[in-house]
Amino acid sequence: LTGVTVRLEAGGQTATCECRGEERTHAFTVDTQPEDGDEGEIGYAPAPGAVGCPGLPDYLLDELIFEREQAPALLVKVMEAVGGGKAPHTPRSSRRSSIMSNA
């Protein structure tokens, strides 16, 4: 993974994201209040014309709505595909990691 770009829109309700690897890119939009969703759900939509990249699950080429708690797993799948199968690494010493491990 060589870069991630996130652009907030609609007062922070939606985010346009792009994950870039050395040879692969995947762009998508996340909506924190999707019209067809219930409270606590998030909407995901690939960028128009997205063809995906090797290793990206087929279901991530379609719009979907999922529970907010599943967002980290979705992002890992995208990052693994873009990074050529390599999962992103978060250092254990980071403050966020220690908070998450105590949750």
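Residues numbered from 1 in each chain as written. Predicted model: local features only at pLDDT ≥ 70, side-chain atom pairs only at ≥ 80, totals over all residues. Heavy atoms only, no water.

Enquirer: Any chance you could explain the overall build of the protein chain here in plain terms?
Expert: Along its length, the protein chain carries two helices and five strands. Each helix and strand of the protein chain, placed in order from N terminus to C terminus, yields the pattern β-β-β-β-β-α-α. Put simply, the protein chain has 103 residues, and 30% of those count as buried. By sequence separation, contacts in the protein chain at least 24 residues apart represent 30% of the contacts at least 6 residues apart. Within the structure as shown, the protein chain displays about 7100 Å² of accessible surface, and the carbon and sulfur contribution to it stands at 49%. (Helix = DSSP H or I, 4+ residues; strand = E, 2+ residues; numbered from the N terminus. Buried < 20%, exposed > 50% of the residue type's maximum accessible area, 1.4 Å probe, protein only. Contact = heavy atoms within 4.5 Å. Areas by Shrake-Rupley, 256 points an atom, 1.4 Å probe, with all protein chains shown as cover.)

Enquirer: What is the right way to look at the confidence of the model for the protein chain in this model?
Expert: Reading fine detail from the predicted coordinates is not recommended where pLDDT is low. Counting all residues, the mean pLDDT for the protein chain is 78, and 81% of those residues have values of 70 or more. Averaged pLDDT values for the elements of the protein chain fall to 35 in helix H2 (residues 95-101) and rise to 93 in strand E5 (residues 64-67). Low confidence marks residues 90-103, where pLDDT is under 50. Its contacts with residues over four positions away, or in another chain, come to four contacts. (pLDDT = per-residue confidence, 0-100.)

Enquirer: Help me understand helix H1 (residues 71-82), please; the structure alone is not making it clear to me.
Expert: Spacing of three or four residues puts side chains on the same side of an α-helix, whose turn is 3.6 residues. Taking 1.5 Å per residue as the helical rise, H1 with its 12 residues ought to reach 16 Å, and the 17 Å between its terminal C-alpha atoms agrees with that figure. All of the buried residues along H1 are Ala71, Leu74, Val78, Met79, Ala81 and Val82. For H1, the buried positions fall inside an angular range of 165° around the axis, keeping them on one side. In the core, the buried residues of H1 are packed alongside strand E1 (3-9), strand E2 (14-20), strand E3 (25-31), strand E4 (41-46) and E5. (Expected span 1.5 Å × (residues − 1). Arc of directions from axis to C-beta.)

Enquirer: Can you walk me through the sheet that holds E4 in this structure?
Expert: Each strand in a sheet pairs with another by means of backbone hydrogen bonds, the pair being arranged parallel or else antiparallel. If you trace the five strands from one edge of the open sheet to the other, you get E1-E2-E3-E4-E5, paired in antiparallel fashion. If you trace the sheet from one side to the other, it starts and ends with E1 and E5, each paired once. Each neighbouring strand pair of the sheet contributes to a mean axis angle of 25°, computed without reference to strand direction. Across four bridges, the pairing between E3 and E4 is antiparallel. Note on E4: the bridge partner recorded for Thr29 is Ala45. (Pairing = 2+ DSSP bridges. Axes fitted to C-alpha atoms, helices over the stretch in contact; angles between N-to-C directions.)

Enquirer: Before we go on, may I ask you to explain a nonpolar patch on the surface in this structure?
Expert: A contiguous nonpolar patch, built from Val4, Val6 and Leu8 and spanning about 280 Å² of accessible area, is present on the exposed surface. Of note, Leu8 is situated in strand E1. For Leu8, a relative accessible area of 61% gives the class exposed. (Patch = residues over 30% accessible without salt bridge, like charges linked within 9 Å, V, L, I, M, F, W, Y side chains within 5 Å. Salt bridge = Lys/Arg side-chain N within 4 Å of Asp/Glu carboxyl O.)

Enquirer: So what exactly am I meant to see when it comes to the environment of Gly84 here?
Expert: Assignment of secondary structure puts Gly84 in the loop between H1 and H2. In this structure Gly84 comes out as partly exposed when scored by relative accessible area, which is 43%. Distance from Gly84 to Pro54, taken between C-alpha atoms, is 7.7 Å for residues 30 residues apart in sequence.

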